[in-house]
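Coordinates in review
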Amino acid sequence: MRLDKFLSVTKTATRSESSKAAKSGNVTVNGAVEKNTAVNVDPENDRICFFGQPVVYRKYVWIMMNKPSGLLSASNDKKEKTVVSILPPPLDSMELFPCGRLDKDTVGLIMITNDGELSHKLLSPKKHAEKKYFFKLSKPYDRQAGIENGIIMDGKLTKPARIEMQDELSGTITLTEGKYHQIKRMFERAGSKVIYLKRISFGGVKLDPSLRAGEWRYLTEAEEETLKKSADNAKGI
Ligand code: URA
């Protein structure tokens, strides 16, 4: 990885700040001053210091985005903008991917990462990590349909869900799996239609209310820990 990219992904400095610091002799690689930020470094084995401070490299990036309507939950797409393509450099070229999918018109919390293993665990129905959504319906749904107990979808029974109504037409639903259009299909089965859907938490991590649509930030270490625990300890609904 290029030295300037390394300093950028570790949130140490922007490309131009790195170049300035290096030219003035304030960047060292394994103890030697490095003035050229285009050189390649080995993030896991080289010891890199910025103004004398060692730069800690974390292999995995975890980002939360408040997804706006209209973006695809994908890494890239030939025609349309995706949640990854709107990230600034060098993040847009770091082989990041969304952890799970939201429909194009669904908004709210989407995690973006390069950590395939944890991502896989969080999405596995066997691990039961919870995903909570706020919804609005076109008309009251038929509670007798018992959709939260499980319905046959794609030939299989869905896992139990938790629905908490806030009024006749809106509430929250918590799932531990993510079948295609699952919530929309569940409410359709109970005679209603989802007209607004926003994910508000994922694996115990809540959407940061200060993020406006299209904004993102890195997860804190505590949030990353919460995700890991959620992938390991979840019990189901
Ligand atoms: N269920 C849906 O129907 N859509 C989503 O985007 C997520 C869950």
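Our subject is the structure that appears above.
In short, a report on the structure. (Residues numbered from 1 in each chain as written. Predicted model: local features only at pLDDT ≥ 70, side-chain atom pairs only at ≥ 80, totals over all residues. Heavy atoms only, no water.)

Turning next to the pairing of strand β8 (residues 131-137). Burial analysis of β8 places 5 of its 7 residues in the buried class, which makes it a mostly covered element. Examined bridge by bridge, β8 and strand β12 (residues 170-175) share 6 bridges and lie antiparallel to one another. In the sheet register, lysine 136 faces β12, and the bridge partner there is serine 170. Here 7 bridges tie β8 to strand β13 (residues 194-202), and the two strands are oriented antiparallel to one another. (Buried < 20%, exposed > 50% of the residue type's maximum accessible area, 1.4 Å probe, protein only. Helix = DSSP H or I, 4+ residues; strand = E, 2+ residues; numbered from the N terminus. Pairing = 2+ DSSP bridges.)

Now for the sheet that holds strand β4 (residues 53-54). If you walk across this open sheet you meet the 4 strands as β2-β1-β3-β4, and the pairing is antiparallel. The two strands at the open ends of the sheet, each matched to only one other strand, are β2 (32-33) and β4. The sheet contact formed by strand β1 (residues 27-29) and β2 spans 2 bridges and is antiparallel. Across the sheet, residue threonine 28 finds its bridge partner in β2, namely valine 33.

What follows covers the packing of aromatic side chains. When we look at a pair of aromatic rings, we describe it by the centre distance and by the angle of the planes. All chains considered together, the criterion is met by 6 aromatic pairs. Ring geometry for phenylalanine 134 versus tyrosine 196: centroids 6.2 Å apart, planes at 65°, classification edge-to-face. One end of the pair, phenylalanine 134, is in strand β8; the other, tyrosine 196, is in strand β13, with 62 residues separating them in the sequence. Taking relative accessible area as the criterion, tyrosine 196 reaches 32% and is therefore assigned partly exposed. Seen in terms of ring centroids, tryptophan 216 and tyrosine 218 are 5.4 Å apart; in terms of plane orientation they differ by 80°. Their pairing is edge-to-face. Residue tryptophan 216 is classed as partly exposed on the basis of its relative accessible area of 25%. We note lysine 11 situated over the ring of tyrosine 218; from NZ or CZ to the ring centre the distance is 3.8 Å. The residue whose ring lies beneath lysine 136 is tyrosine 196, and the NZ or CZ to ring-centre distance is 5.2 Å. (Phe/Tyr/Trp six-rings, centres within 6.5 Å; stacked < 30°, edge-to-face > 60°. Lys NZ or Arg CZ within 6 Å of the ring centre and 35° of its normal.)

This part is about the pairing of β12. Counting buried residues along β12, 6 of its 6 residues qualify, which places the element largely inside the surrounding structure. Here β12 shows no split at all, with Ser170, Thr172 and Thr174 on one side and Gly171, Ile173 and Leu175 on the other all buried. The sheet contact formed by strand β11 (residues 162-165) and β12 spans 4 bridges and is antiparallel. Across the sheet, residue glutamate 164 finds its bridge partner in β12, namely threonine 172. Linkage of β11 to β12, two consecutive antiparallel strands, is achieved through a turn of 4 residues.

Looking at the element boundaries, aspartate 46 is found in the loop between β2 and β3 (48-50). Taking the C-alpha atoms as reference, aspartate 46 lies 9.6 Å from glycine 31; in sequence the two are 15 residues apart. Those residues within four positions of aspartate 46 in sequence are excluded, and the remaining contacts are Val29, Asn30 and Val41. Among the polar contacts listed, one links the side chain of aspartate 46 to the side chain of asparagine 30, at a separation of 3.0 Å. Of the polar contacts made by the side chain of aspartate 46, one reaches the backbone nitrogen of aspartate 42; its length is 2.7 Å. (Contact = heavy atoms within 4.5 Å. Polar contact = N/O pair within 3.5 Å; in protein donor to acceptor, adjacent residues only side chain to side chain.)

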